[in-house]
Every structure is written in C-alpha cells, then in structure tokens.
Amino acid sequence: MQKGRLLYEGKAKKLFETEQENVLMVEYLDQATALNGLKKDEIVGKGQLNNQITSLIFKELSAKGIETHFIKKISKDEQLVEKVKMFPLEVVVRNVAAGSFTKRLGISEGSQLAFPIVEFYFKEDRLDDPFINEQQILVLSLATEAEILQMKKIALQVNKALQELFLAVDICLVDFKIEFGKTKTGKVLLADEISPDTCRLWDRSSQAHLDKDVYRREIGDLVPVYQEVCNRLEKRRDQ
C-alpha cells in the first residue's frame, strides 16, 4: 500500500491518502501534547506504542462485534483505516471520577460512579474543546438525534468491552475518550484511536497512573508506562 497525499496532521497522528479511495493510512507520531497543545514534547517510541495498543484494542472490539474504521496494522507506526467523515465531537465515558469531572463538580478523584456517564465535547481547539449537551449538538447540526443515540449506544458497548479487557490485565478503566466517523452509506463507526493517550488507566493494586497523566502532571516517564500497558495486553493476547 503506497502512502499518498497528506490529508491531515494533528497533535499525535498524520493521515494520508492511499491508492484505494476508501482506505487511508495513519502514521502515529512520537509527539506528546497536553492542555490543548500548550504543552508539547517529542518522545521517541510513543507513536509505535500507541499504534500497537490501538491495533490490539480495535481487534478485540471487532471480535466482540463492535465495528470500527480499523483495517490492519502495516508497520511499527502505521495502520490502514476505512475513510470516514469525522464528527466534530469527542465522546467521553466515565466510570470513576477524575480529571475535569472532579473539578467541575467538586467530587473527590477516585470516587466510583454509580453508573457509567457519557459526555460530549465539541472538538474545536479555538474553544478548548468545551462540554456540549445533546440539544446544542442538534442546534449546531453536528449530528442528528439518531446519530447521537447511536454514538451513546456504541460508547457504552465499548466501555463494557474495555472494562473486561483491562480487568483481565489488572488495570482499572477510569475513563476514556473516543471519536466517531460516518461512512459514505451513513453508517456510524468508531474511529480515531484507543490508547493511553485517550484513556485514563490505573493499576488495580497500586493505583499508579498508566496513561498520559504521567506526562500531564509530570509524575513519571511516558514510554515505560505505555510499554507496560502494551506488554500486559500482548501477554493476554498470547495466552
């Protein structure tokens, strides 16, 4: 598969055309960002780990009947995905209080929530990706009512599958962010990535952070933490 024209360059990935109209190539970058890009560093090895972890997780979700845009991993830092039109929304699922949720609502970090909470955020760097409710999504024509319901349904299915996956490797899934896209035929698909960049993960025994918070909060080295997550998932896969 040949890498074609660069279509998009984000904080952590580049997206390229291929010779197949509906297939794109994703290149994961050795770049870490936080605070909507205000904090930025090159971290060698990060892109390879996120590519590997995302590939493992998307294969796991596919095996559980959850459709994604992922096709296959083709190199240490590249994968092929189905071309979709992305919704300008981030969908966050929370199982445990942490991050902005604790600040907004005055809840102690680590508090177990009575049930998973699904939140939407408007993906717009100029506005710092603000929280947005379903009526606002409809008013701004970011998605239809049916698409919102589909995204929420899939998000909860992903949450259940990820909780089971991470529980099997002694990791607590605190929360995570996912994104969705729409195919030419109008099907809503899980897209983007699922990795320690987009999940808040804590070791079940020590409560140690196994995610990007080690970079955000400057409490550890990112690559060894991501490698630990990758190693646990690979070990489970190979059993």
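Model, not experiment: these values are computed from the prediction.

Caption draft 1: Structural detail: the pattern of salt bridges. Using the criterion set out here, one finds 32 salt bridges in the structure. For the salt bridge of Asp 203 with Arg 232, the shortest nitrogen-to-oxygen distance reads 2.8 Å. A residue pair is termed long-range when its members are at least 10 positions apart, and Asp 203 in strand 14 (residues 199-203) and Arg 232 in helix 6 (residues 222-238) qualify at 29 residues. Pair check on accessibility: Asp 203 and Arg 232 agree, each one buried. Three or more residues are tied together by salt bridges with common partners; here these are Arg 94, Arg 104, Glu 109, Glu 119, Asp 175, Arg 200, Asp 213, Arg 216 and Arg 217.

Caption draft 2: Local environment of helix 1 (residues 46-63). Taking 1.5 Å per residue, 18 residues should reach 26 Å; helix 1 reaches 26 Å between its end C-alpha atoms and fits that length. In the stretch just after helix 1, Gly 65 is the one whose phi turns positive, near 90°.

Caption draft 3: Region of interest: the packing of helix 1 against helix 4 (residues 145-167). It is the contact of helix 1 with helix 4, at a shortest axis distance of 10 Å, that shows an interaxial angle of 115°. In terms of crossing hand, the pair formed by helix 1 and helix 4 is right-handed. When helix 1 is examined against helix 4, the residues Ile 57, Glu 60 and Leu 61 are found in contact with a partner set consisting of Val 158, Ala 161, Leu 162, Leu 165 and Phe 166. A class-by-class count of the residues in the contact of helix 1 with helix 4 yields 7 nonpolar, no polar and 1 charged.

Caption draft 4: Representation of the nonpolar core. Counting residues in each nonpolar core, the largest one holds 50 residues, and the members touching the most others are Leu 61, Leu 162, Phe 166 and Ile 194. By residue number, the principal contributor to this core is helix 4, which donates 9 residues. Here Ile 194 is in contact with Ile 53, Thr 54, Ile 57, Phe 58, Leu 61, Val 158, Leu 162, Ile 178 and Cys 199, once residues within four sequence places are set aside.

Caption draft 5: Layout of the sheet that holds strand 6 (residues 70-75). Pairing is antiparallel across the open sheet formed by 5 strands, whose spatial order is 1-2-3-7-6. This sheet does not close on itself; its edge strands, each paired only once, are strand 1 (6-9) and strand 6. Across the sheet, the mean angle separating the axes of adjacent strands is 25° when strand polarity is ignored. Note: strand 1 against strand 2 (residues 13-17), 3 bridges, orientation antiparallel. Among the inter-strand pairings, Leu 6 is bridged to a residue of strand 2, identified as Phe 16.

Rules and cut-offs
Residues numbered from 1 in each chain as written. Predicted model: local features only at pLDDT ≥ 70, side-chain atom pairs only at ≥ 80, totals over all residues. Heavy atoms only, no water. Salt bridge = Lys/Arg side-chain N within 4 Å of Asp/Glu carboxyl O. Helix = DSSP H or I, 4+ residues; strand = E, 2+ residues; numbered from the N terminus. Buried < 20%, exposed > 50% of the residue type's maximum accessible area, 1.4 Å probe, protein only. Expected span 1.5 Å × (residues − 1). Axes fitted to C-alpha atoms, helices over the stretch in contact; angles between N-to-C directions. Left-handed = near helix turned anticlockwise from the far one by under 90°. Contact = heavy atoms within 4.5 Å. Nonpolar A, V, L, I, M, F, W, Y, C, P; charged D, E, K, R; others polar. Core = buried A, V, L, I, M, F, W, Y, C linked by side-chain atoms within 4.5 Å. Pairing = 2+ DSSP bridges.

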